[in-house]
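Chain by chain, the residues:
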Amino acid sequence: MSLPIPVRNGCHKGRHRARRHFRRTRFAEISARTGVFIFMEKIIVEGGFPLHGRVEISGMKNAAVAVILASAVTGDVCVIDNLPNISDVTHCLKILESIGARIRVISKDAVEIDTRSIRDAEPPMELVRKIRASYYLAGALLGRFGRAKVGLPGGCDFGVRPIDLHVKAFEALGAEVTVGGGCLEAVAKDGLLANSIYFDCCSVGATINTIIAAVLAKGSTIIENAAREPHIVDLANFLNACGADIRGAGTNIIKINGVERLHGCEYSIIPDMIEAGTFMVAAAATKGNLYIDNVIPKHLETLSAKMREMGITVEEYDEAVSVVYTDTMKPVNVKTLPYPGFPTDMNPQMAVLLCLANGASTLSETIWSNRFRYVDELQRMGARIRVEDKTAFFEGNTVFTPATVKAVDLRAGAAMVIAALATNGRTEIEEIALIERGYVDIVEKFRGVGANIRKAYFPDSTKQANVS
C-alpha cells in the first residue's frame, strides 16, 4: 500500500497530484482550508442479482503464510507458486525481509525467497503484530539457529489466542522459553532434541510450529492429537520437498524424523477451501448458479453436505464444484469442529444462509469464543438471530434490508458481502482491509459472475485533522 501524499494548503498542483493518487491508495489525505480529510475505502453493493458463471479460486491463505515463514528454516532458495495476492502474504514476506531474506517477485502469484542470509534476529514488532501466523517464525528460527525471539501475533480478534501449546512443544524439544513484554523467546543452547508431544487440545498453530521446529531436531519427534487441516498437509509436503522426513500429516499422529540439513525447492500452494466455500454460499444466497474452479472437492465435503441437506444442488468434479439454487432452502443445524468437521472459518458465511432458510436453524461454535461478533451487523440488515453462550439461533425467512455495516473480522466481512449480494438495494461495507487480508480481488471476482459491486472512497469525518 502506498503512503498518502501530503499536500500543502493553497498548492493547486499538489491537489491535482493527490487526486491522481487517490484511486491507488486505501487512505488519501487532501488538504482543505479547515484541515486534512482522511478518505476511507468501502465496498458498495447493489444487491438482488443472482450470481452465475465461473470463478477461479486462488491459493490458500493459511497454507501460504505457513509455507512462507517455514522457508526460513531451509537456509536456501525456494520458489513458491500459486500464492494469493493478499495483505497477509505481503506481511509475511516483509517479516522475512526484515531479518535478512531476499525476496524476488516472479509473477503476480509466485515469488523467490532466498533465506541463506537470514540472521538470528528479532523481527520488528509492528510487522509481527499484523498477522496471527507470525508466530510460525519462532519455530523456524528456533529450529535453524537454536534461538528465537518473536513478538506475539495479531490478526482477527476472536478472543484469547493461547500459546501455551507452542510453549509446551518448544520446551519438550529442549528449549527454555519465556513469554513476556509481548514477546516469546526460546533458546536451545545445544540445539533441539526430538521428543514425544501430546497436545491436550487440537491446535492448528501449535501443530504447524512444532513441525517446523522439529524438522532439524536430533531424533524422531512424535506429535499426538495433532491437527489435521489441509494446510498442515501442505506445509509437510513443502518441507518434505526441501528434504525433511515428515510422516502422517493429515492424521492425528505425525512423526518427524530430524534431518541434518534442508535445501530449497519449487512448490505450489493448494487452493483455498474457505474462498471456495464463500463463493458456494454466495451462489445459494443469491439464488444463482456458479461453477467454482481450481478446488479440491474433498476439502469441501462438510460444507457440501450441509448445503445439500438444505436442498441446494452441489455437484463435484475432479478440480471443481458447481452450486445451483433450486427452490427453497431448508433449515439445518450446524456445529463447527476441527477438520474434517465443519470449518469455523465458514461460520459467518453459513450464518447468512441460515438467515435465508425456510425455518429455524442453529449454529454452534466450538473453536473461537468470540466468533459471533458479526451478528450485530447482520441484525442491522434485518436478521433475527439470538446468541446464547456458543450457539446462535436463527428464525429464518429473513428479507435483508440495505444498511451500512462493517467487517468485524476477515470471514465476517465476507459474510457481509454475501448478505449484501442477497439484498435488494444498496449496502455499504466498511473496514474492508480486514476482508482483503484473505480474499484475492474479491470485488473483481464477484463482478465477474454478475454482481453489481465496487469499491469507492468516502471522507471519514471522524479522522479530520487541522493543518498545523
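Located above this text is the structure these notes cover.
Residues numbered from 1 in each chain as written. Predicted model: local features only at pLDDT ≥ 70, side-chain atom pairs only at ≥ 80, totals over all residues. Heavy atoms only, no water.

A. Seen up close, the overall build of the protein. Along the backbone of the protein there are 14 helices and 24 strands. The buried share of the protein, taken over its 468 residues, is 55%. A separation of at least 24 residues holds for 70% of the contacts in the protein among residues at least 6 apart in sequence. When the accessible surface of the protein is totalled, it reaches about 19,600 Å², and 48% of it is carbon and sulfur. (Helix = DSSP H or I, 4+ residues; strand = E, 2+ residues; numbered from the N terminus. Buried < 20%, exposed > 50% of the residue type's maximum accessible area, 1.4 Å probe, protein only. Contact = heavy atoms within 4.5 Å. Areas by Shrake-Rupley, 256 points an atom, 1.4 Å probe, with all protein chains shown as cover.)

B. Summary view of the side chain of Ser304. Topologically, Ser304 is positioned in helix 10 (residues 301–309). If near-sequence neighbours (up to four positions away) are discounted, Ser304 is found in contact with Met280, Val314 and Glu316.

C. Region of interest: the sheet that holds strand 20 (residues 385–388). Read from one edge of the open sheet, 4 strands run 18-19-21-20, paired in mixed fashion. Both edges of this open sheet fall to strand 18 (333–335) and strand 20, since each of them pairs with a single strand only. On average, each strand axis in the sheet is inclined to that of its neighbour by 15°, with strand direction left out of account. Strand direction decides the pairing type here: strand 20 and strand 21 (residues 391–394), joined by 4 bridges, are antiparallel. In the sheet register, Glu388 faces strand 21, and the bridge partner there is Thr391. On the sheet, helix 11 (residues 347–356) packs against strand 18, strand 19 (361–364), strand 20 and strand 21 and is oriented at approximately 170° with respect to strand 19. (Pairing = 2+ DSSP bridges. Axes fitted to C-alpha atoms, helices over the stretch in contact; angles between N-to-C directions.)

D. Spotlight on helix 7 (residues 204–214). Here helix 7 lies mainly inside the structure; 10 of its 11 residues are buried. Among the residues of helix 7, those classed as buried are Gly205, Ala206, Thr207, Ile208, Asn209, Thr210, Ile211, Ile212, Ala213 and Ala214. The N-cap of helix 7, judged by a side-chain oxygen 3.1 Å from the amide nitrogen of Ala206 a few residues on, is Ser203. (Polar contact = N/O pair within 3.5 Å; in protein donor to acceptor, adjacent residues only side chain to side chain.)

E. Looking closely at the sheet that holds strand 17 (residues 320–324). Strand order across the open sheet formed by 4 strands is 3-15-17-16, with mixed pairing between neighbours. At either end of the open sheet lies a strand with only one pairing partner, and these are strand 3 (52–56) and strand 16 (313–316). Sheet twist, expressed as the average angle between the axes of neighbouring strands with direction ignored, equals 15°. Where strand 15 (residues 289–293) and strand 17 come together, 5 bridges link them in antiparallel fashion. Bridge pairing in strand 17 links Ile292 to Val321. Its contacts with the sheet place helix 9 (residues 273–285) against strand 3, strand 15, strand 16 and strand 17, and it is angled at close to 170° to strand 15. Docked against the sheet, helix 10 engages strand 16 and strand 17, running at close to 145° with respect to strand 16.

F. Broad picture of the environment of Val67. By the element assignment, Val67 lies in helix 2 (residues 61–70). Spatially, the C-alpha atom of Val67 lies 9.3 Å from that of Tyr267, the residues being 200 residues apart in sequence.

G. Layout of the nonpolar core. Core analysis: the biggest nonpolar cluster contains 156 residues, and Leu239, Ile292 and Leu378 have the highest contact counts within it. Excluding its chain neighbours within four sequence positions, the residues that come into contact with Leu239 are Ala70, Val73, Ile211, Ile212, Val215, Ala244, Ile246 and Leu262. (Core = buried A, V, L, I, M, F, W, Y, C linked by side-chain atoms within 4.5 Å.)

H. View of helix 2. Judged by how many residues are buried, helix 2 sits mostly within the fold: 10 of 10 residues are covered. Within the sequence span of helix 2, burial applies to Lys61, Asn62, Ala63, Ala64, Val65, Ala66, Val67, Ile68, Leu69 and Ala70.

I. Spatial organisation of the pattern of salt bridges. Summed over the entire model, instances satisfying the criterion amount to 27 salt bridges. Of the charged contacts in the structure, one is a salt bridge between Arg437 and Asp88, with a shortest N-O distance of 2.8 Å. Note that Arg437 is positioned in the loop between strand 23 (425–430) and helix 14 (442–447) and Asp88 in helix 3 (residues 87–98), a separation of 349 residues in sequence. A salt bridge links Arg261 to Glu260; its shortest N-O distance comes to 4.0 Å. Judged by its relative accessible area of 73%, Glu260 falls in the exposed class. (Salt bridge = Lys/Arg side-chain N within 4 Å of Asp/Glu carboxyl O.)

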